[in-house]
Amino acid sequence: MKKVLIPVTNHATLGETDQANGTFAPELTHAVHVLKEAGIDYEIASIKGGKAPIYGQDIEGDDVNDSMLADEDFQNRVNNTIPVSQVNIADYDAVFYPGGFGLLSDLATNDDFAKLSAEHYDNGGILAAVCHGPAAFLPINLSNGESLLATKSVTGFTREEEIDYGTINDVPFLMEEALTRKAARFNKVQPWGSFVIEDDRVITGQNPASAHAVGEAIVKQLAK
């Protein structure tokens, strides 16, 4: 059975504010739902391990989110994430970073997951992310010394979406700007539309609405 590693944040607030945050539930639940439907296993990890902070459990009319959050096995994995020190990257066929603002405060600068992801990609693996998840690609440097993003076309949560969401003044940094500076190209569509880019084995989605399509892109690449 194919298996996907899902690193999530340990940071429980929006930047330095006291607003509850972490991983945005629908970006995790929708992607995992697609993986499960395709018979693909997954494990959830974090820098410190243990219970992962999650928000967005109360999205109205999101049946996939509701059903996944009610799943005992899923909750067990979220509440008992594997610490990065115990991750054997050779066990996985893809790495997927869901979004949420929390990771801007830890995974966006974490060397441990960056090194594992670099090793995974160098060995032919798939790296995927959605919304703020691509911020975790910023510290990834490949064995040839180049940044993962140096030759990649990517997308992610945009400046316009930060403004719409009311978070532009609270985020630790503006992800669109950071990705634009580091990636070969940053792409986007109108705010809140589903948009996914596949550049070789790097898959990125723009916003929460893109999580399902990112999951589908992972499944498609794993089937090759």
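As the structure is a computational prediction, the values presented were derived from the model and not from experiment.

Mind showing me how you'd approach helix H7 (residues 211-222) here?
Side chains of residues three or four places apart in an α-helix project in the same direction, reflecting 3.6 residues per turn. Helix length check: H7 (12 residues) gives 17 Å between terminal C-alpha atoms against 16 Å at 1.5 Å per residue, within 8%. Among all positions of H7, only Ala211, Val214, Gly215, Ala217, Ile218, Gln221 and Leu222 are buried. All buried residues of H7 lie within an arc of 160° about the axis, which places them on one face of the element. For H7, the secondary structure elements touched by its buried residues are strand S1 (3-7), helix H1 (25-37), strand S6 (94-97), strand S7 (126-130), strand S10 (196-199) and strand S11 (202-205).

I tried to follow the sheet that holds S1 on my own but got confused; where do I start?
The pairing of strands in a sheet comes from backbone hydrogen bonds and takes either a parallel or an antiparallel form. Taken in spatial order, the 7 strands of this open sheet run S5-S3-S1-S6-S7-S11-S10, and their pairing is mixed. Two strands close off the open sheet at either side, each with one partner strand: strand S5 (82-83) and S10. Note: S1 against strand S3 (residues 41-46), 5 bridges, orientation parallel. By the bridge assignment for S3, isoleucine 6 is matched with isoleucine 44.

How do you make sense of the pairing of S6 when you look at a structure like this?
Regular strands have side chains that alternate between both faces of the sheet. Where burial is concerned, the two faces of S6 agree: the one with Ala94 and Phe96 and the one with Val95 and Tyr97 are both buried. Pairing of S1 with S6 involves 2 bridges; the strand directions are parallel. When the sheet's bridge partners are listed, valine 4 is paired in S6 with alanine 94. Pairing analysis gives 4 bridges linking S6 to S7, with the strands arranged parallel. Residue pairing in the sheet places phenylalanine 96 in a bridge with alanine 128 of S7. In this fold, the crossover linking S6 to S7 by way of helix H4 (residues 111-122) has right-handed handedness.

Before we go on, may I ask you to explain the pairing of S11 in this structure?
Residues of S11 alternate between two faces, with Val202 and Thr204 on one and Ile203 and Gly205 on the opposite face, all of them buried. With 4 bridges connecting them, S7 and S11 associate as parallel partners. Its bridge partner being in S11, alanine 128 is matched across the sheet by isoleucine 203. As paired elements, S10 and S11 share 4 bridges and run antiparallel to each other. By the bridge assignment for S11, valine 196 is matched with glycine 205. The loop that links S10 with its antiparallel partner S11 comprises 2 residues; one of these, aspartate 200, has a positive phi angle of about 55°.

Looking at this structure, how should I read the pattern of salt bridges?
Pairing between side chains of opposite charge can happen when the charged atoms of each approach one another. Per the stated rule, a full pass over the model turns up 8 salt bridges. Its salt-bridge partner being aspartate 71, residue lysine 36 comes within 3.9 Å of it at the nearest N-O pair. Residue lysine 36 is found in helix H1, and its partner aspartate 71 is found in the loop between helix H2 (63-69) and helix H3 (72-79); the two are separated by 35 residues along the sequence. In this structure aspartate 71 comes out as partly exposed when scored by relative accessible area, which is 23%. With a shortest N-O distance of 4.0 Å, arginine 201 and aspartate 200 are connected by a salt bridge. The network of salt bridges with common partners includes Asp41, Asp73 and Arg77.

What counts as what
- Residues numbered from 1 in each chain as written.
- Predicted model: local features only at pLDDT ≥ 70, side-chain atom pairs only at ≥ 80, totals over all residues.
- Heavy atoms only, no water.
- Helix = DSSP H or I, 4+ residues; strand = E, 2+ residues; numbered from the N terminus.
- Expected span 1.5 Å × (residues − 1).
- Buried < 20%, exposed > 50% of the residue type's maximum accessible area, 1.4 Å probe, protein only.
- Arc of directions from axis to C-beta.
- Contact = heavy atoms within 4.5 Å.
- Pairing = 2+ DSSP bridges.
- Right-handed = clockwise from strand over helix to strand, strands pointing away.
- Salt bridge = Lys/Arg side-chain N within 4 Å of Asp/Glu carboxyl O.

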